[in-house]
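Coordinate inspection notes
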Amino acid sequence: GTGIGIQNSSQINMLNPASYAAVDTLTFLLDVGMSLNYTNFSENGISKNSGSATFDYLAMQFRLIPRLGMTIGLTPFSNIGYNFSQTNTIYDEESLVSATHLYNGTGGLRQITAGLGYMPFKGLAIGANISYVYGEIYHYVYTQFSNGDITPRTKMYRGDVSTYNAEFGIQYKASIGKNKFTLGATYQPGHSIDDEAYSIETFSANDTIENHMLSMPSMYGAGVSYTYDERLTIAADYTLQRYGDVDFFGLKGSNRHRAS
C-alpha cells in the first residue's frame, strides 16, 4: 500500500506519477492484476460459502525520451458489492412492530489513466496523471413490516458517472553511499460531477424523486522511503481524502485517513 515516496525503475508505481521518470531507456513494463476470493460467512449456526474472481488492473510503462517516462493503465476507482438484511423492533401506535431492512449495492467506477513523469535534473522528479472515470453506482434499501397494514418502504440511489480525475506528484531522491532516501507528495483537486444522480423513495404509494450532485473529493498524500544497497526498502505513506467536503446523494461523507 505504499508508493508515494518510492522510485524504482523496475516497478510501475501509479501512486505517484513522478515515479514514471525513473524508467530505464530500454525498459517496457507490463503489469496485470487479478483477485480470487473465497469467503465463509457464518451467523447463528448458519454458514454460507462464496467465491468470486475479479480483474483488478492493467498497466504499462515505457520511456518516451531521456528523463521522460509514460504510464497507461486501467484501474478500479471504487467497487460496490453487498447484500444483507437487518431486523429491529419499532413502536407503531403503542404496539410493537418488527421491521426488516434489506440493503443491496452493486456497481463501481473504473478509470483509464495516462500519466507522464519528468526529471528536470538529477534527484528531482515531477509528474501528472489524467484519468477518465466512468461507471455506475447503485444502492437499494427495502423495509418491510410485520404489520401488513403498514406499506413497505423502498429507497433507491443511482448515479451514472462519466468524468475526469487529475493527480499531480513530486519526488526528491538523495543518495549517501549505499543508502538512498526518497521523499514524495501528491495532490488531487476535487471537483463537481455534472452527471445524472438521483434517489427515489416510495412510501404510502407515493414517489419522492430528488436529483443530486455528486463530487470528487480532493486528496493529499505524503510518503518517504529508505533503501539500503538495492536490497532492503522501508516505506511509509499517509493520505487524506476529504470526503467530508463533498455530497453523496445529499449527505456529507467522512474524511478518509490512510496510513501504510
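For the structure itself, consult the block above.
Let us look at the structure shown here. (Residues numbered from 1 in each chain as written. Predicted model: local features only at pLDDT ≥ 70, side-chain atom pairs only at ≥ 80, totals over all residues. Heavy atoms only, no water.)

Another aspect to go through is the overall build of the protein chain. On a plain count of helices and strands, the protein chain comes out with zero helices and 16 strands. Its C-alpha radius of gyration of 24 Å places the protein chain more than 25% over the 18 Å reference for a compact globule of 260 residues. Along the longest, intermediate and shortest principal axes, the C-alpha atoms of the protein chain span 80 × 45 × 30 Å. Within the span of the protein chain, comprising 260 residues, buried residues form 33% of the whole. The contacts in the protein chain between residues at least 6 apart in sequence include a share of 58% that link residues at least 24 apart. Side chains of the protein chain give 16 positive and 22 negative charges; the mean places of these two sets differ by 18 Å. (Helix = DSSP H or I, 4+ residues; strand = E, 2+ residues; numbered from the N terminus. Rg over C-alpha atoms; globule rule 2.2 N^0.38 Å. Buried < 20%, exposed > 50% of the residue type's maximum accessible area, 1.4 Å probe, protein only. Contact = heavy atoms within 4.5 Å. Lys, Arg positive; Asp, Glu negative; His and termini not counted. Charge placed at Lys NZ, Arg CZ, Asp CG, Glu CD.)

This part covers the environment of L36. By the element assignment, L36 lies in strand β1 (residues 28-43). Taking the C-alpha atoms as reference points, L36 and L116, 80 residues apart in sequence, are found 31 Å from one another. Ignoring any residue separated from it by four or fewer positions in sequence, one finds L36 in contact with S52 and A53.

One pass over the structure, following the stated rule, counts nine aromatic pairs. The interplanar angle of 15° and the centroid separation of 6.2 Å between the aromatic rings of F28 and F62 together place this pair among those described as stacked. Of the two residues, F28 is situated in strand β1 and F62 in strand β2 (residues 46-65); the sequence distance between them amounts to 34 residues. The class for F28 is exposed, based on a relative accessible area of 51%. Members of the aromatic cluster, joined through ring pairs, are Y82, F84 and Y103. Above the plane of the ring of F203 lies R153, whose end atom (NZ or CZ) is 3.9 Å from the centre. (Phe/Tyr/Trp six-rings, centres within 6.5 Å; stacked < 30°, edge-to-face > 60°. Lys NZ or Arg CZ within 6 Å of the ring centre and 35° of its normal.)

With that settled, the discussion passes to the nonpolar core. I80, L109, V133, I137, Y157, V161, I193, A197, L214, M216 and F249 together form the largest nonpolar core, which totals eleven residues. In contact with I137, not counting residues within four places along its chain, are I80, T106, L109, Y157, R158, G159, L214, F248 and F249. (Core = buried A, V, L, I, M, F, W, Y, C linked by side-chain atoms within 4.5 Å.)

Under the defined criterion, the tally for this structure stands at six salt bridges. Of the charged contacts, one joins K180 and E230 as a salt bridge, the two residues approaching to 2.4 Å between their closest N and O atoms. Pair noted here: K180 is in strand β7 (residues 179-188) and E230 is in the loop between β12 (219-228) and β13 (232-241), with a separation of 50 residues, a long-range link. Across the salt bridge formed by D247 and K252, the nearest N and O atoms sit 3.5 Å from each other. Given a relative accessible area of 31%, D247 falls into the partly exposed group. Judged by its relative accessible area of 56%, K252 falls in the exposed class. (Salt bridge = Lys/Arg side-chain N within 4 Å of Asp/Glu carboxyl O.)

This part covers the pairing of β2. For a regular strand, side chains alternate in direction, first toward one face of the sheet and then toward the other. Where β1 meets β2, 16 bridges bridge the pair, whose relative direction is antiparallel. The residue of β2 that forms the bridge with L36 is A53. The antiparallel pairing of β1 with β2 creates a hairpin that spans two residues between the two strands, and N44 there sits at a positive phi of about 50°. Bridging between β2 and strand β3 (residues 68-92) involves seven bridges; their strand directions are antiparallel. Within β3, the residue paired with I65 across the bridge is L68. (Pairing = 2+ DSSP bridges.)

So, about the layout of surface pockets. It is a probe the size of a water molecule, rolled over the atoms, that shows where empty space is left. Its boundaries defined by the atoms lining it, the largest pocket holds a volume of some 1400 Å³. Around the largest pocket, the lining is made up of 46 residues, and of these L15, P76, F77, Q111 and Q241 lie nearest the centre. Sorting elements by how many residues they give to the lining of the largest pocket places β3 first, with five residues. Of the residues belonging to the lining of the largest pocket, the class tally is 23 nonpolar, 17 polar and six charged. Around the second largest pocket, the lining is made up of 21 residues, and of these T39, F41, S50, G81 and N83 lie nearest the centre. Elements supplying a minimum of two residues to the lining of the second largest pocket: β1, β2 and β3. If one sorts the elements of the lining of the second largest pocket by residue count, β2 sits on top with nine residues. The class makeup of the residues in the lining of the second largest pocket is five nonpolar, twelve polar and four charged. (1 Å grid on protein atoms, 1.4 Å probe; cavity = no way out; pocket = protein on both sides within 12 Å on 5 of 7 lines; lining within 4 Å. Points joined across faces, edges and corners; volume = space filled by probe spheres on them. Nonpolar A, V, L, I, M, F, W, Y, C, P; charged D, E, K, R; others polar.)

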